[in-house]
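# Inside the fold
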Amino acid sequence: MKKILALVLLATTSWANVTLPSVLNSNMVLQQQTEIMIWGWADPTEKVTVSASWESQPVSTTCADNAIWKVSLRTPKAGGPYTITIKGYNKVELTNILIGEVWLCSGQSNMEMTASGGAKDARAELPTAFNANIRFFKIPKRAADSPQIDVRGNWAVCDSLTMKYFSAVGYFFGKKLQNTLNVPIGLIDMSWGGSYMDSWVPEPIAMLYPETRRSAQAMSKVPWAPNKPGVLYNGMAAPITSFPIAGVIWYQGEANRHDAPAYYKLTHALVDAWRGVWQTDFPFYYVQIAPYTYGDKYQTAATRESQTKAMDIPKSGMIVTTDLVDNLKDIHPAYKKEVGNRLANWALAETYGQTVGVYKSPQYRSMQVDGNKIRITFDNAPNGLIARGTDITELEIAEADKVFSKAQARIKGNTLEVWAENIKNPVAVRFAFRDAPVPNLFSKEGLPVIPFRTDAWDLGLGVKK
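Fair warning: this is a prediction, and the values are worked out from it, not measured in the lab.

### Here's the deal with the pairing of strand 14 (residues 363–370)
- With seven bridges joining them, strand 14 and strand 15 (residues 373–379) adopt antiparallel strand pairing. Considered in strand 15, the bridge of Met367 is made with Ile376.

### Description of the packing of aromatic side chains
- In total, this model carries 22 aromatic pairs according to the counting rule given.
- Here the aromatic rings of Trp278 and Phe282 are separated by 6.2 Å at their centres, their planes lie at 85 degrees, and the arrangement is edge-to-face.
- Take Trp278: its relative accessible area is 7%, and that puts it in the buried class.
- Among the aromatic residues, those joined into a cluster by ring pairs are Trp200, Trp250, Trp274, Trp278, Phe282, Phe284 and Tyr286.
- Of note, Lys265 hangs over the ring of Tyr209, and the distance from its end group to the ring centre comes to 4.1 Å.
- Over the face of the ring belonging to Phe442 we find Arg388, whose NZ or CZ atom lies 3.7 Å from the ring centre.

### Description of the nonpolar core
- Judged by nonpolar contacts, the single largest core of 72 residues is most densely connected at Trp69, Ile84, Ile188, Phe243 and Trp274.
- Looking at which element gives the most residues to this core, the answer is helix 10 (residues 260–278), with seven residues.
- Among the nonpolar cores identified, the runner-up in size contains 41 residues, and Val183, Tyr251, Ile319 and Leu348 belong to it.

### Topic: the packing of helix 10 against helix 11 (residues 299–309)
- It is at 7 Å that the axes of helix 10 and helix 11 come closest, and there the two elements cross at 25 degrees. By the angle between their axes, helix 10 is roughly parallel relative to helix 11. As helix 10 packs across helix 11, the resulting crossing turns out to be right-handed. The residues of helix 11 that touch helix 10, namely those facing Ala260, Pro261, Tyr263 and Tyr264, are Gln299, Ala302, Thr303, Ser306, Gln307 and Lys309.

### As for empty space enclosed by the protein
- Taken as a whole and judged by the stated rule, the model has five cavities of 30 Å³ or more.
- The space that makes up the largest cavity amounts to roughly 60 Å³.
- The wall of the largest cavity is formed by Met318, Ile319, Val320, Arg342, Asn345, Trp346, Tyr359, Ser361 and Leu447.
- Every element with two or more residues in the lining of the largest cavity is listed here: strand 13 (316–319) and helix 12 (337–351).
- At three residues, the largest contribution of residues to the lining of the largest cavity is made by helix 12.
- Along the lines of polarity and charge, the residues of the lining of the largest cavity split into six nonpolar, two polar and one charged.

### Section: the sheet that holds strand 19 (residues 408–412)
- Taken together, four strands build an open sheet; the order of strands is 14-15-20-19 and the sheet is antiparallel. Only two strands of the sheet have a single partner each, and these edge strands are strand 14 and strand 19. Strand-to-strand twist across the sheet, computed as the mean angle between neighbouring axes with direction ignored, equals 25 degrees.
- Taken together, the four bridges between strand 15 and strand 20 (residues 415–419) define a ladder with antiparallel strand orientation. Each bridged residue has a counterpart across the sheet, and for Ile376 the counterpart in strand 20 is Leu416.

### With respect to helix 8 (residues 210–217)
- For helix 8, the set of buried residues is Thr212, Ser215 and Ala216. Projection of helix 8 onto a plane perpendicular to its axis shows the buried side chains occupying an angular sector of 100 degrees, all on one side. In helix 8, those exposed residues whose orientation departs by more than 90 degrees from the buried face are Pro210 and Gln217.
- Contacts made by the buried residues of helix 8 are with helix 6 (197–200), helix 7 (203–206) and helix 10.

Cut-offs applied
Residues numbered from 1 in each chain as written. Predicted model: local features only at pLDDT ≥ 70, side-chain atom pairs only at ≥ 80, totals over all residues. Heavy atoms only, no water. Pairing = 2+ DSSP bridges. Helix = DSSP H or I, 4+ residues; strand = E, 2+ residues; numbered from the N terminus. Phe/Tyr/Trp six-rings, centres within 6.5 Å; stacked < 30°, edge-to-face > 60°. Buried < 20%, exposed > 50% of the residue type's maximum accessible area, 1.4 Å probe, protein only. Lys NZ or Arg CZ within 6 Å of the ring centre and 35° of its normal. Core = buried A, V, L, I, M, F, W, Y, C linked by side-chain atoms within 4.5 Å. Axes fitted to C-alpha atoms, helices over the stretch in contact; angles between N-to-C directions. Parallel < 35°, antiparallel > 145°, perpendicular 65-115°, else oblique. Left-handed = near helix turned anticlockwise from the far one by under 90°. Contact = heavy atoms within 4.5 Å. 1 Å grid on protein atoms, 1.4 Å probe; cavity = no way out; pocket = protein on both sides within 12 Å on 5 of 7 lines; lining within 4 Å. Points joined across faces, edges and corners; volume = space filled by probe spheres on them. Nonpolar A, V, L, I, M, F, W, Y, C, P; charged D, E, K, R; others polar. Arc of directions from axis to C-beta.

Structure follows, in structure tokens:
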């Protein structure tokens, strides 16, 4: 009888205790100069008091009948360390908290890839990785059919052990931000190798538009990731949407080659949905998928094309990786430092107003037919273009019959003059428009030209645009 009574008392005490979601933990970084929510669970009607060491007065609330409590706090400028104490029937103290900039790092395997998982330049960082002003939160993989309220995990200080198992792209991105801005950086790794973008979009949104619905219904079943819309949003993103972030970096697209034309609309849907649930118009910077020998004709090229078009999303930016591949037969390029640095340059320039030089890749703007040649004009090449090699590679030109021939080219400032001996009446040019291109055309600042085509001809992908 005593044993039963003890168990009842233990259960009652456990229920009464104030608890917090995992993302609110010691060692965390909170977004500076913003309204943040501290929330959790307790007994209905229980009084909960939250004291932050940067505030002179505590904030109190009464737990609601659904056992959820929450209070709002205003964070100061970057700094720390601080503490937060939460008192109800029990006391929870969070320590070593920093205030700074928090970024979400999401996508599939190339975002998930770590030093332990083969990122060579990240492995080289391990002996000197310790930085008390960089903190990691790794979200374990979890799919769910409905939005969840919590995830497992802990905030950890960046050191040789924690960095070894954290996103290499995220680490290098955060390191450059921290070195440049000199503020604490919090990084949340929310990635799943082989995942479809459709699974990261809330299901009602994924099924709302004809293109996104078509993509969601065509996802193949694979053993390494779920193929249902919304389930990764439910299991991994939904629990942290009350945690303010500065922005998102994204590296995904390989899995969505099954419906490349839909990827443009899907990207818009993802960004709109996430900005909606976070209730902030945060920046979204992403990586165009790298060259790899998939063996398809145009699926991959069309996916990159959709990614390029998605730069019309406000506060977005895309980096190009055609020059960062060491093995075209490895879908996971082994070097991630330059990927992280290029993403960081977008954030530093666009989000933080820093001077970083040229950070945008040259992008096709217009074409003009001049006899048997086509003259291509580019944006984002203020000092002109260069070719790394004798001949410019990956160029094709065609007449109205849509039969492409290998082309020659001549650089004239920020324009490109393209021709082929057998083409007398050219109408279209394509550049690096295949699955595994090896282009050698760059801005003079060293950023690769974005793959493009000047035509809008049907690619024969079997799906409507």
